[in-house]
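Residue-level listing of the chains:
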Amino acid sequence: MNYSSSSMSRSSNIRPKSEQEYMKGHPIKAWRGGLHRVLCMQGGDDDGSYAKNSEAPASAITLSKPLLLTAIRTMKLFTQGEGDEEDSLSDHLSLRIADLGCATGYNTLATIDMVVEGLRERYIKECGVDPEFEAFFSDLPSNDFNSLFRSLSSNNTLSNNKPNRYYPAGVPGSFYTRLFPKGKLHVAVSLSALHWLSQIPDTVLDKRSPAWNKGKAWIDGAKKEVVEAYAKQSEEDLDNFLRCRKQEIVEGGVLFMLMGGRPAGSLHNPDNQLDDSDSRAKHPFTSSMDQAWEDLLNEGLIDEETRDGFNIPAYMRSPEEVKSCIERCGGFEIQRLEYQRIVEHSKEKQDEWISDPVSYGRAKTNLVRATLRPIVEAHLGPYLSDQLFNRFQNRVSSDISLIHKTCFYGVIVVSAIRN
């Protein structure tokens, strides 16, 4: 259905006379499933978009860059083109790379560029061949592929006289299922995506269940039954991911994963998703988020069931959990598996925000919008999702103690060879 710009403008100026009157005419229908239809990073390129609020994933990728480059520089060289005899050097060699959970913006383009240029350099130096590359950008169908490919169109040329760096394609679908034919990929990367689950566990969405997550939007510090349900879902998801990649990656190919995680030794404490008290207090999924939901409840804008029925589908695995899944799957030789921490923002930025807490609240809210808006809006609708983020911003801006704390994001980095 198409609308003229003038009618859209008129619609956007309509506001309810009061929040209570709005609620009478717009009852909430708690959203329950079809996570793959709505889970995505916020598209576009405005202040609330993922493209403008992906500094933490960018820092994680920068931190893991040496490990990814090492994997590229030490992997097997494939010298067989399509239809060629085994081990023959081919002038029409084509290498295929996939970014699984690509989202939008600079991070995915920079990652593919790094892999392509690292491999091109090796092939020219060691084999005297400049191969062609296919790059597959894969994410859920709800991802903003339009923004991604608009960015790509101005990024993917070597010069006016040389061909594209690579031939790109979009692959919509869940990376917890098969996305490619057998033996299709030479390099598969998944950066800052695998901590997102395929679904909220059914028991967590059942208010009669012990795993009903009352009063919390996430699982850090949640009761045992909730955390166990998330841990089980996380294990099933990673098992499915690895089984699919085992079939899709050629022998000798590379699987490189970077995901949110928690440190070694925390295997039996999955409720402690964030490692330290300051990170737990300041993380956008914890205290301020729960307070914002509570504000909507106290103001009569939602009921308890609506609040308790929203859960953030993320789980931070331990290195032991990741290693166990890889070993159980078989078919991969782990080259590196390590836990690292990245700081939320620089000391200079923290000092700037201490003197301007309103700017800090705005920046933190933009980050949360970029990450959660699609699923919040599916649960509450557009109007109330805006109200939630407004309450979140007020909470963050008014708690000066938060700005003085340092929040760390834990990540697990894995490099494995398909054997």
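In this text the structure is predicted, and so the values were computed from the model without any measurement.

Enquirer: Honestly, the overall build of the protein chain in this entry has me stumped. Any pointers?
Expert: Tallying secondary structure elements over the protein chain gives 15 helices and 7 strands in all. By the burial criterion, 55% of the 419 residues in the protein chain qualify as buried. In the protein chain, the share of contacts with a sequence separation of at least 24, taken over all contacts with a separation of at least 6, comes to 80%. A total of about 19100 Å² of accessible surface is found on the protein chain, and carbon and sulfur atoms cover 48% of it.

Enquirer: Explanation requested: the sheet that holds strand β1 (residues 94-100) in the structure shown.
Expert: Hydrogen bonds along the backbone pair up the strands of a sheet, which may run parallel or antiparallel. Sheet architecture is open: 7 strands sit in the order β3-β2-β1-β4-β5-β7-β6, paired in mixed fashion. The strands lining the two open edges of the sheet, one partner per strand, are β3 (167-172) and β6 (332-343). This sheet shows a mean twist of 15° between the axes of neighbouring strands, independent of strand direction. Here 6 bridges tie strand β2 (residues 132-139) to β3, and the two strands are oriented parallel to one another. Bridging from a neighbouring strand, S138 pairs with V171 of β3. Along the sheet face, helix α5 (residues 106-127) touches β1, β2 and β4 (185-191) and points at about 155° away from the line of β1.

Enquirer: Looking at this structure, I do not really get the environment of V189. What am I missing?
Expert: Tracing the sequence through the fold places V189 in strand β4. Beyond its immediate stretch of four places on either side in the chain, V189 contacts L68, A98, D99, L100, T111 and F256.

Enquirer: Would you explain the packing of aromatic side chains in this entry?
Expert: Geometrically, a pair of aromatic rings is defined through the distance of the ring centres and the angle of the planes. Enumeration according to the criterion identifies 9 aromatic pairs in this entry. Put simply, the rings of F137, F149 and Y166 touch in pairs and so form one group of aromatic residues. It is R245 that lies over the ring of F241; its NZ or CZ is 4.8 Å from the centre. The ring of F408 carries the charged tip of R341 above its face, separated from the ring centre by 3.9 Å.

Enquirer: Could you clarify how one ought to interpret unusual backbone geometry in this entry?
Expert: Residues apart from glycine generally show negative phi values, whereas peptide bonds are mostly found in trans. Phi at S192 takes a positive value of approximately 55°, unusual for a residue other than glycine. Structurally, S192 is set in the loop between β4 and α7 (224-248).

Enquirer: Whenever I open this one, α5 confuses me. Can you help?
Expert: If you check α5, its first and last C-alpha atoms are 31 Å apart, about what 22 residues at 1.5 Å a residue would give, namely 32 Å. Downstream of α5 by one or two residues, G128 has phi in the positive range, about 70°.

Enquirer: Would you mind going over the environment of R341 with me for this structure?
Expert: For R341, the position within the fold is in strand β6. Assessed through its relative accessible area of 37%, R341 is described here as partly exposed. Considered as a pair, R341 and C407 are 66 residues apart in the sequence and their alpha carbons are 9.9 Å apart. Each residue touching R341, except ones within four places of it in the same chain, is listed here: L63, D275, D276, F408 and Y409. Here D276 takes part through its side chain, which lies 3.3 Å from a polar atom of the side chain of R341.

Enquirer: Would you mind going over the confidence of the model for the protein chain with me for this structure?
Expert: Segments scoring low in pLDDT should not have their predicted coordinates read at a detailed level. Averaged over all residues, the pLDDT of the protein chain is 83; the fraction at 70 or higher stands at 80%. The low-confidence segment residues 20-33 (pLDDT under 50) makes 21 contacts with residues lying over four places distant or belonging to another chain. Note on residues 40-44: pLDDT is under 50 here. Beyond four places in sequence and across chains, it has 22 contacts.

Enquirer: Got a minute to help me understand the environment of F332 in this structure?
Expert: For F332, the location among the structural elements is in strand β6. Considered as a pair, F332 and G252 are 80 residues apart in the sequence and their alpha carbons are 9.4 Å apart. Contact partners of F332, with chain neighbours within four places excluded, come to L242, R245, K246, I249, L255, I326, A416, I417, R418 and N419.

Enquirer: What is the right way to read the side chain of Q387 from this model?
Expert: Within the secondary structure, Q387 is located in helix α14 (residues 382-398). Side chain to side chain, Q387 and R391 meet in a polar contact 2.9 Å long.

Parameters and conventions
Residues numbered from 1 in each chain as written. Predicted model: local features only at pLDDT ≥ 70, side-chain atom pairs only at ≥ 80, totals over all residues. Heavy atoms only, no water. Helix = DSSP H or I, 4+ residues; strand = E, 2+ residues; numbered from the N terminus. Buried < 20%, exposed > 50% of the residue type's maximum accessible area, 1.4 Å probe, protein only. Contact = heavy atoms within 4.5 Å. Areas by Shrake-Rupley, 256 points an atom, 1.4 Å probe, with all protein chains shown as cover. Pairing = 2+ DSSP bridges. Axes fitted to C-alpha atoms, helices over the stretch in contact; angles between N-to-C directions. Phe/Tyr/Trp six-rings, centres within 6.5 Å; stacked < 30°, edge-to-face > 60°. Lys NZ or Arg CZ within 6 Å of the ring centre and 35° of its normal. Expected span 1.5 Å × (residues − 1). Polar contact = N/O pair within 3.5 Å; in protein donor to acceptor, adjacent residues only side chain to side chain. pLDDT = per-residue confidence, 0-100.

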